[in-house]
Amino acid sequence: MLFLIAYISSVVLINFAFSTAPHLDVIWSAWGGLVFILRDMVQTRFGHGAIIAMLAALVLSYITSDPSIALASATAFAVSECIDWLVFSITKRPLHDRLWISSALSIPLDTFIFFGLIGALTPAVVGTALASKFAGVTAVWLIMAWRIRRRTVAN
């Protein structure tokens, strides 16, 4: 439940941050990595129910943030969630691999869509967002792979 609350809160807060202090877009783009880690944790726990969490976060974002930021966020998340859904539904790979594969496909699209729609598509912002998101998902992948290996050795 903690990951669910943290995920929804982070989406709302990052959209609010982009709305109120857009000149700090490089800082907010780094925060995007945390959002993707939390999304992965919510998906791991709740499966496709993560879409409900995303919708709740987007409704709250629309209420608390600039509507154009909320719309850009909703569009980017919709595309990335569709990719995640496809990867999770089609592939038969272990969970940690599906998380990384889905992120490898969805992170670039999410980044370019969001920052393109809000007019912040600069090399610094895109580079920071991509680096933080890929670092986050790689950390999650490594932790999950380590846990699997540890269980395998224990058995």
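Note that this is a predicted model, so its numbers are computed, not measured. (Residues numbered from 1 in each chain as written. Predicted model: local features only at pLDDT ≥ 70, side-chain atom pairs only at ≥ 80, totals over all residues. Heavy atoms only, no water.)

1. Some thoughts on the overall build of the protein
Stated precisely, the cut-off is as follows: Per the convention used, a helix needs a DSSP run of H or I reaching at least four residues, while a strand needs a run of E reaching at least two, with both numbered from the N terminus. When we talk radius of gyration, it's over C-alpha atoms, and the globule rule is simply 2.2 Å times the number of residues to the 0.38. Partly exposed describes any residue whose relative accessible area lies between the buried limit of under 20% and the exposed limit of over 50%, with all areas from a 1.4 Å probe on protein chains only and scaled to the type maximum. Should any heavy atoms of two residues lie within 4.5 Å, those residues are counted as being in contact. Each accessible area value is a Shrake-Rupley result obtained with a 1.4 Å probe; residue values ignore everything except the protein chains displayed when judging cover. The charge count treats Lys and Arg as positive and Asp and Glu as negative. His and the chain ends do not count. Throughout, a charge is located at the NZ atom of Lys, the CZ atom of Arg, the CG atom of Asp or the CD atom of Glu.
Counting secondary structure elements, the protein contains six helices and zero strands. Reading the protein from its N end, one meets helices and strands in the order α-α-α-α-α-α. What you see for the protein is a C-alpha radius of gyration of 15 Å, in line with the 15 Å of a compact globule of 155 residues. Taken along its principal axes, the extent of the C-alpha atoms in the protein is 50 × 30 × 25 Å. Considering the protein as a whole, with its 155 residues, one finds that 43% of them fall into the buried category. The long-range fraction of contacts in the protein, counting pairs at least 24 apart against all pairs at least 6 apart in sequence, stands at 72%. Accessible area of the protein: about 8000 Å², with a carbon and sulfur share of 75%. Between the averaged position of the 10 positive side-chain charges in the protein and that of its 7 negative side-chain charges there is a distance of 16 Å.

2. Describing helix 3 (residues 50-64)
Our working definition: A helix is expected to span 1.5 Å for every residue after the first. Here, the arc refers to the directions that run from the helix axis to the C-beta atoms.
For helix 3, with 15 residues, the first-to-last C-alpha span of 21 Å sits near the 21 Å given by 1.5 Å per residue. Within helix 3, the full set of buried residues consists of Ala-50, Ala-53, Met-54, Ala-57, Leu-58 and Ser-61. Seen along its axis, helix 3 keeps its buried residues to an arc of 135 degrees; they face one direction. Turned more than 90 degrees from where helix 3 packs its buried face, Ile-52, Val-59, Tyr-62 and Ile-63 sit exposed. Summarising the contacts, the buried residues of helix 3 are in contact with helix 1 (2-20), helix 2 (25-46) and helix 4 (67-90).

3. Quick look at helix 1
The terminal C-alpha atoms of helix 1 lie 26 Å apart, and with 19 residues this matches the ideal 27 Å at 1.5 Å per residue to within 8%. Burial in helix 1 covers these residues: Leu-4, Tyr-7, Ile-8, Ser-10, Val-11, Val-12, Ile-14, Asn-15, Ala-17 and Phe-18.

4. Re the UniProt feature "transmembrane region" (unreviewed entry) in the protein
Heads up, the rule is: UniProt positions are given in the numbering used here, feature names are shortened, and annotations may be inferred rather than shown by experiment.
What UniProt calls "transmembrane region" (unreviewed entry) maps, in this numbering, to residues 45-63, 99-118 and 124-146. Counting secondary structure, residues 45-63 comes out at 84% helix and 0% strand; the distance between its end C-alpha atoms is 27 Å. Helix makes up 100% of residues 124-146 and strand 0%, whereas the separation of the span's terminal C-alpha atoms amounts to 32 Å.

5. Brief notes about the pattern of salt bridges
The line we're drawing: By convention in these notes, a salt bridge is any Lys or Arg side-chain nitrogen within 4 Å of a carboxyl oxygen on Asp or Glu.
A complete count under the given rule lists four salt bridges for this structure. One salt bridge connects Glu-81 with Arg-39, and the closest N-O pair in it is separated by 3.9 Å. Of this pair, Glu-81 sits in helix 4 while Arg-39 is found in helix 2, placing the two residues 42 residues apart along the sequence. Judged by relative accessible area, Arg-39 falls into the buried class, the value being 1%. In this structure, the salt-bridge partner of Lys-133 is Asp-110, at a minimum N-O distance of 2.9 Å. Highlighted residues: Lys-133 in helix 6 (residues 123-154) and Asp-110 in helix 5 (residues 95-117), separated in sequence by 23 residues. Here Lys-133 falls in the buried class, since its relative accessible area comes to 5%.

6. Quick notes on the nonpolar core
Applicable threshold: For the purposes of this section, nonpolar cores are sets of buried Ala, Val, Leu, Ile, Met, Phe, Trp, Tyr and Cys residues that join through side-chain atoms within 4.5 Å.
One finds Tyr-7, Val-11, Phe-18, Phe-77, Phe-114 and Phe-115 to be the most contacted residues of the largest nonpolar core, which totals 27 residues. When residues of this core are traced back to their parent elements, those giving at least two are helix 1, helix 2, helix 3, helix 4, helix 5 and helix 6. For this core, the element with the highest residue contribution is helix 1, accounting for eight residues. Non-local contacts of Tyr-7, meaning those with residues more than four positions away in its chain, are made with Val-35, Leu-38, Arg-39, Val-42, Ala-53, Met-54, Phe-77 and Glu-81. If you look at the next biggest cluster of nonpolar residues, it comprises five residues, including Met-41, Phe-88, Leu-99 and Val-140.

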